[in-house]
Structure formats: structure tokens, C-alpha cells
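Examination of the molecular architecture
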Amino acid sequence: MGRSIAIPILVIALVIASSLYISSMMGNPSTHHRVKELRIAISTDISSIDINYATGVADFEILGKVYEALFKIDYDSIEKKLIYKPWLVESYSQINETYWLFTLKKGVRFHNGDELTAWDVKASIERSMEVSPIGRMLLRDVYGNPIIESITVYNKTTFSLKLRSPFTPLVEHLAHLAVSIMPRTVAERYSNDRISNLSDVIGTGPYRIIEYVRGQYIKLQRFSGYWNGEPHAEVITYIVAPDPNTRVAALETGQVDIATGIPPEMVTQLESRGFKIYNEVGVRFVIVAINTQRIPDVRLRQAMNYAVDKKAIIDSVMKGFATPAESIVSQIFPGSVKLEGYSYSPEKAKMVIVEAGGVDRALTLLVSTRSPKDIEVAQIVQNFLSKVGIDVEIQTMEHTAFLKKVFTEHDFDLAIYGPSPSSLYYALSYWRSGAALNAPLYSNPEVDSLLDEVAREGDRERQYELYRRIQEIIWRECPAIWLYYENIIVATKPDIEGLKILPFQMLILDTISIRG
């Protein structure tokens, strides 16, 4: 770890002091070239070097190149749906409702040279269930009980999971990087502590961290022993540049090859100068959460949805780079459904508000200062609600304080945020009574019962019927003003080829190259 340099552009200059050189790919060297060093400007630093404590986009983007899970989340660009495929697992089978058997791929090695074994898997899953904030949500029930009763290792490559009760979304949850696999020795050494030494950041992924200066940059080096083929970039350097103007300037001056988190209003400028723009569907669902304990009348919550013109927000703030909400989850999830939208109708909103007895006080709308776009959205929502007789006062808060106020204390009337789930069941579980991410304190026994039922249901068609019913109920009862799904906007140099972007804002760089 090193001392921080305050100005991001100085960091960029520091990192690019060594020039980029290119080695030819097999085939026609005049067409595409492999990259010696790929430089990527990102908006935020990682919050931890420990994958089990990862929570943010940057955490999974970077540590997701270092660690791998038993299964992998991918995106079918033709069907436009997420898929979950075996990764470190060679094969698996569900023997009965609660017993699952797995066989690992052979020849997979960690960065320290040790071979991946079932004992490593056992220790990693157990650690994730204990210490990982996301792992605990994925692998425990709403009461905090582990969904896994026992993990039995039969030999180096074979193990089983015995569940406390049926849980059909198991594969989707084991695909989350919060349940990544690390060496047993590391998992046990840090059983109750965060990994604090870079030498202990050991995964099976295509890259390993070789240098990290907090607030400045993270440098990854290609792992020559990677089991799934050699990635094209030898070194990847992520440069932390919170200001989007700095990221765009770094791209325009050639200091970076890729810039993430491009503001919609800068897209036209970059396109006119020949840069490539990737505009991909995302899972971040921007909502205005409504505290259902303070606003218990469903009619008032529905009226708020009629009062806000979502398309106007998308056009003015997102410049069209978003999709209006058509359900409580993105359509990329298998089992998600399109529902009848709350079309903009201030007249209908006013009528419903009168029928419900009105709102007799000003409501406070909390918003984090981390996202300037969210603050813009808050101001527009405030304006729309005022037009139907609901007074709103905006209160901006530092992000950590915002999270505590909203998700721990539930001390708010309205709050803007954007959950980014990794599976349909996980997304719907946000709304379960007592769930950790259920900021609005929404509670419906039928929803809870249906979630339990879908977890037990082995028939896919029946699962989808249950999922539909859950989505319809929550959509109708409006524990939030449903706004939009935010697109992912990434810009690259014109000659960059082979970049793929997953909907939860992860760059796939395995086959990236430079044309020329």
C-alpha cells in the first residue's frame, strides 16, 4: 500500500510513465495485436482487497479478474438474458431436494501454484457464509440461518452440499463472486478477519494483483498458469479517477485505453471524435424507495408512480441511455416479466391522492452525494410530486451515512438508490419481510410465502408462474416509485477490439486486442 496522490491526472501520468508496446497475435500481425498494458479509467477505488468483503462495482470488476466462483454469470446477447454456467465445476447434479453433488475441473491452479481441491471449496463457502455481507444474503435465509447444512468432501475433486431445505436458485447464488474460491489456507487464516496482505490475494482467475496504491491505481498481471487459456492483455492497470471529465480527458489524450462510467451528455462529444461507445443494458434499477411504515396507504404510493414522468427523466438526465421500468426487475433475468406501466398522469395522481385523504406533511427525500445523476433525478421527482400536491424536501447525505440512514435505521420518507442484483430470486428477495436490503420495510405474507414456494419448486415453468405472481404483487403495491434501468456506457479508443460488457458493469477483457 502507498500514500495517496490527490489529483487523479497525476496518477495517470505516473502510471503511463512506461510506454505501451504491443506484441503480435498469432495469425495476421497487421490486423490485430495483443496488448502489453491495458489502461482503464474507473470512477471509484476498490473498497477492499478481500473478495468476501466486496460490495461495489469496482470491487467485482477488479477482484473478478483475480477470483472465480464455481459457476459463472454470462449474458446471451441473442436471447438478451443472463445465463449461469459451470465454471470451476466440471459437472453437478441434484440428487434430491436437498442434496447436490459436484465434481471440480481438474488441472485448475491457484496463483501460488497449488491445485484447486474440494477442501478449498469447502473452506471458501464456509467463510463466505460467515463474513461476506453479500455472501450472507445469498447463503442464509431471512432469519440468518445458513441454507447449507453441511459440506462433505469425498476426494480432491468431489464434494456435496446438504441443504437445510430445498433451494432451487442455488446455482445462481453460487455464481456470485462474493462466493469466490480461495485456497483453504487463506480462508482459514482469515476466518474472522479481512485479508490485509496482497500476497494473500490468491485466486484461480486470469490475473493477479501485483501493485495497489489506494486511491490511485491497481495493477494486475496475467497469470501464466491460468487454466482457461492465456488472456490477451499482459498487464491491466485500473486508474482511479472520480471526476468523469478527468476520465474523458485521459481517453482523449491517449493516457488510457478505456474509460468507464461515461456521463450520457459526453457521448456525442466522444463519438464525434472517433471514440467507440458501448451502450449496454444494465441491471441497476433506479428507484425512489417509499417507507411503507410512514406511507402505508398503497393508493398514495401508486399515485406517486402516476405523478412522475419517467420518460422525461430518462430524456433529460440520462439523455435516453436508460430503459423505463416495466417490472420490479430488469428483463435480462430469466423469469422476469413485463407489466403494465404506470403511465404519466398527474390528473389521475391527484384524484387518487384526494381519495386517499392526501398527504398532510412535507416528505423528506434522501439522496447520496456519491451520484450526481441521482441528485438531478431527486430534483425532478420533487418537481413532479409538487405538481400533484405533495411537498418534498431533498436532503443530500454522504454515502456511508446515507446507507446507514436508509438500510439500517429506515429513517426516511423517500430515498433514491439503485440495486444491482445478480439473479431473479436475489432481486425479489430484496422485498421479503425483514430482508437486509428491504429499506422501505415492505411486508406482504403472500410474497414471503411465494418466495419460499419458488425456492422449493423444481419445475421451471411452475417457477416462472410463481415469479410472475411475486412481481405482479410488488409492482401493484408500490414500495417504490419505479423509475428506470440504467444503461452501462463505456468508451474506448477506436482501435480497441474484443471488449464485452456484462449487465452488472463488468468488463470481459479475455480476448481484447488492438487493431492496426
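Residues numbered from 1 in each chain as written. Predicted model: local features only at pLDDT ≥ 70, side-chain atom pairs only at ≥ 80, totals over all residues. Heavy atoms only, no water.

This paragraph deals with the overall build of the protein. Helix and strand content of the protein: 16 helices and 25 strands. Relative to a compact globule of 516 residues, whose C-alpha radius of gyration would be 24 Å, the protein shows 24 Å and is just as compact. Over its C-alpha atoms, taken along the principal directions, the protein stretches across nearly 70 × 60 × 45 Å. In the protein, which comprises 516 residues, the share counted as buried stands at 57%. Across the protein, contacts joining residues at least 24 apart in sequence account for 69% of those joining residues at least 6 apart. A total accessible area of about 21,000 Å² is found for the protein, and carbon and sulfur atoms account for 49% of it. Charged side chains of the protein number 55 positive and 61 negative; the gap between the two group centres comes to 3 Å. (Helix = DSSP H or I, 4+ residues; strand = E, 2+ residues; numbered from the N terminus. Rg over C-alpha atoms; globule rule 2.2 N^0.38 Å. Buried < 20%, exposed > 50% of the residue type's maximum accessible area, 1.4 Å probe, protein only. Contact = heavy atoms within 4.5 Å. Areas by Shrake-Rupley, 256 points an atom, 1.4 Å probe, with all protein chains shown as cover. Lys, Arg positive; Asp, Glu negative; His and termini not counted. Charge placed at Lys NZ, Arg CZ, Asp CG, Glu CD.)

On to the sheet that holds strand E9 (residues 158-163). Strand order across the open sheet formed by 4 strands is E6-E7-E9-E8, with antiparallel pairing between neighbours. The sheet is open, and its two edges are formed by strand E6 (89-94) and strand E8 (148-153), each paired on a single side. The mean angle between the axes of side-by-side strands here comes to 20 degrees, regardless of whether they run parallel or antiparallel. Against the sheet, helix H3 (residues 118-131) engages strand E7 (99-104), E8 and E9, with an angle of about 160 degrees to E8. (Pairing = 2+ DSSP bridges. Axes fitted to C-alpha atoms, helices over the stretch in contact; angles between N-to-C directions.)

Where strands meet in a sheet, backbone hydrogen bonds hold them as pairs that are either parallel or antiparallel. Across the sheet, 7 strands lie side by side as E10-E11-E12-E3-E13-E21-E14; this open sheet has mixed pairing. On the outer flanks of this sheet lie strand E10 (207-213) and strand E14 (276-280), each paired with one strand and no other.

Grouped together as the largest cluster of nonpolar side chains are 164 residues, with contacts concentrated most on Leu70, Ile125 and Trp482. Those residues in contact with Trp482 that sit more than four places away from it in its chain are Phe285, Ile287, Asn305, Lys310, Ala325, Ile328, Tyr342, Trp431, Ile474 and Trp475. Ala41, Val267, Phe321 and Ile489 belong to the second largest nonpolar core, which has 15 residues in total. (Core = buried A, V, L, I, M, F, W, Y, C linked by side-chain atoms within 4.5 Å.)

Moving on: the packing of aromatic side chains. Taken as a whole and judged by the stated rule, the model has 18 aromatic pairs. Note on Tyr226 and Trp227: the rings are 5.7 Å apart at their centroids and 55 degrees apart in plane angle, and the pair reads as tilted. The class of Tyr226 is buried, set by a relative accessible area of 11%. Ring pairs connect the aromatic residues Phe285, Tyr306, Tyr342, Trp431, Tyr442, Trp475, Trp482 and Tyr485, which therefore count as one cluster. (Phe/Tyr/Trp six-rings, centres within 6.5 Å; stacked < 30°, edge-to-face > 60°.)

In this section: the pattern of salt bridges. According to the stated counting rule, one finds 33 salt bridges in the structure shown. Note that Glu188 and Arg184 form a salt bridge whose closest N and O atoms lie 3.0 Å from each other. Of the two residues, Glu188 and Arg184 are both situated in helix H6 (residues 184-189); the distance of 4 residues between them amounts to about one turn of the helix. Look at Arg184 and you get partly exposed, because its relative accessible area is 38%. (Salt bridge = Lys/Arg side-chain N within 4 Å of Asp/Glu carboxyl O.)

Following the sequence through the fold, Val235 ends up in strand E12 (residues 235-240). In this structure the C-alpha to C-alpha distance between Val235 and Gly498, which are 263 residues apart in sequence, comes to 16 Å.

Along the chain, Ala58 turns up in helix H2 (residues 57-63). Among the residues examined, Ala58 registers a relative accessible area of 9% and is labelled buried. For the pair Ala58 and Asp141, spaced 83 residues apart in sequence, the C-alpha separation works out to 27 Å. When neighbours within four sequence positions are excluded, Ala58 is seen to be in contact with Thr44, Asp45 and Ile46.

Once that is clear, we can look at the pairing of strand E20 (residues 480-486). Summarising burial for E20: 7 of the 7 residues are buried, a large majority. For strand E15 (residues 285-290) and E20, the ladder comprises 5 bridges, and the chain directions are antiparallel. Looking at E20, one finds that Val288 is bridged to Ile481. The pairing of strand E16 (residues 322-324) with E20 spans 3 bridges and is classified as antiparallel. Paired with Pro324 across the strands is Tyr484, a residue of E20.

On average, residues of the protein score 92 in pLDDT, and 94% of them are at 70 or above. Counting interchain partners and residues more than four positions distant, the pLDDT-below-50 stretch residues 1-30 has 56 contacts. (pLDDT = per-residue confidence, 0-100.)

All right, on to the environment of Leu509 then. Relative to the helices and strands, Leu509 is located in the loop between strand E24 (506-508) and strand E25 (513-515). With a relative accessible area of 1%, Leu509 lands in the buried category. Here the alpha-carbon distance between Leu509 and Gly389, two residues 120 residues apart in the chain, equals 50 Å. Setting aside residues up to four positions removed in sequence, Leu509 forms contacts with Leu38, Ile40, Lys65, Ile236, Tyr238, Ile258 and Leu499.

For E12, the buried fraction is high: 6 of the 6 residues fall into the buried class. Alternating residues of E12 divide into Val235, Thr237 and Ile239 and Ile236, Tyr238 and Val240, and every residue in both groups is buried. Across 6 bridges, the pairing between strand E3 (residues 37-42) and E12 is parallel. Opposite Arg39, over in E12, you have Thr237 as the bridge partner. Relative to E12, strand E11 (residues 217-222) runs antiparallel, the two being bridged by 5 bridges. The partner of Tyr217 across the bridge, within E12, is Ile239.

Attention now moves to the packing of helix H15 (residues 445-456) against helix H16 (residues 460-477). Viewed as axis vectors pointing N to C, H15 and H16 meet at an angle of 160 degrees, and their least axial separation amounts to 10 Å. When the axis of H15 is compared with that of H16, the two are roughly antiparallel. Relative to H16, the crossing made by H15 is left-handed. From H15, Glu446, Val447, Leu450, Leu451, Glu453 and Val454 reach across to H16, where they touch Arg462, Gln463, Leu466, Tyr467, Arg469, Ile470, Ile473 and Ile474. (Parallel < 35°, antiparallel > 145°, perpendicular 65-115°, else oblique. Left-handed = near helix turned anticlockwise from the far one by under 90°.)

Now for H16. Across its 18 residues, H16 extends 26 Å between first and last C-alpha, which sits within 8% of the 26 Å expected from 1.5 Å per residue. Packed against the buried residues of H16 are helix H9 (298-307), helix H14 (424-429), H15 and E20. Sitting at the amino-terminal end of H16 is Asp459, which places a side-chain oxygen 3.3 Å from the backbone nitrogen of Glu461. Cys478 occupies a position one or two residues after H16 and carries a positive phi of about 50 degrees. (Expected span 1.5 Å × (residues − 1). Polar contact = N/O pair within 3.5 Å; in protein donor to acceptor, adjacent residues only side chain to side chain.)

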